[in-house]
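# Structure assessment
As a plain string of letters, each chain reads:
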Amino acid sequence: MTDVPAIPDDIVAALDAQHDNVRPALVRLRGLIYDVASTVPGAGDVTETLKWGQPSYTVSTGTPLRLGVTKAGVPALFVHCQTRVVSEARAHLAADLEFEGNRAILVPQDTAFPEAALRQVIHAALSYRLAR
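Definitions and cut-offs
Residues numbered from 1 in each chain as written. Predicted model: local features only at pLDDT ≥ 70, side-chain atom pairs only at ≥ 80, totals over all residues. Heavy atoms only, no water. Pairing = 2+ DSSP bridges. Helix = DSSP H or I, 4+ residues; strand = E, 2+ residues; numbered from the N terminus. Axes fitted to C-alpha atoms, helices over the stretch in contact; angles between N-to-C directions. Contact = heavy atoms within 4.5 Å. Expected span 1.5 Å × (residues − 1). Buried < 20%, exposed > 50% of the residue type's maximum accessible area, 1.4 Å probe, protein only. Arc of directions from axis to C-beta. Polar contact = N/O pair within 3.5 Å; in protein donor to acceptor, adjacent residues only side chain to side chain.

So, about the sheet that holds strand E3 (residues 65-69). Backbone-to-backbone hydrogen bonds pair the strands of a sheet. The strands run either parallel or antiparallel. Sheet architecture is open: six strands sit in the order E1-E2-E3-E4-E6-E5, paired in antiparallel fashion. Across the chains shown, the open sheet's two edge strands, defined by having one partner strand only, are strand E1 (47-51) and strand E5 (98-100). Going from strand to strand, the sheet's axes swing by 30° on average, the running direction of each strand aside. The pairing of E5 with strand E6 (residues 104-106) spans three bridges and is classified as antiparallel. Opposite Glu98, over in E6, you have Leu106 as the bridge partner. Set on the sheet, helix H4 (residues 115-126) makes contact with E3, strand E4 (75-79) and E6; between it and E3 the angle comes to about 135°.

Between the first and last C-alpha of H4 there are 16 Å, a value that for twelve residues agrees with the 16 Å anticipated at 1.5 Å per step. Buried residues of H4: Ala117, Leu118, Val121, Ile122, Ala125 and Leu126, and no others. On an axial view of H4, the arc spanned by its buried residues comes to 165°, and they lie on one face. Summarising the contacts, the buried residues of H4 are in contact with helix H2 (23-37), E3, E4, helix H3 (85-93) and E6.

What follows deals with the environment of Glu48. Here Glu48 shows up in strand E1. Of the residues examined, Glu48 reaches a relative accessible area of 15% and is grouped as buried. A distance of 2.6 Å separates a polar atom in the side chain of Glu48 from a polar atom in the side chain of Arg30. A polar atom in the side chain of Glu48 sits 3.0 Å from the side chain of Tyr34.

What follows is the structure, given as structure tokens:
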């Protein structure tokens, strides 16, 4: 796994604002984003900022990813709704992932963390511009 940079103070504050039971999943997703980004040719450095109060991650080759919690309190990986990332994930990974609409991949706390499937989704998002 790639060295993941220290979490910036503003991101720490956003994560600390979440319930204790969802924070570990969001931190784990953050690590996966950095790890997968290191495998995308030409992606460059990950830019980590806050968008709408949520941690957001971008690279030059992809579409942004955000970490957050659904209205039902489930940790989620959010993808721009006008991309095909979620619809393609639903078509190929429906047995491994849960979805909300065309923008969120849910990470339920009552099941095993679906790391392999999440890596595929993250890779698809971070290389989105390469595939077009």
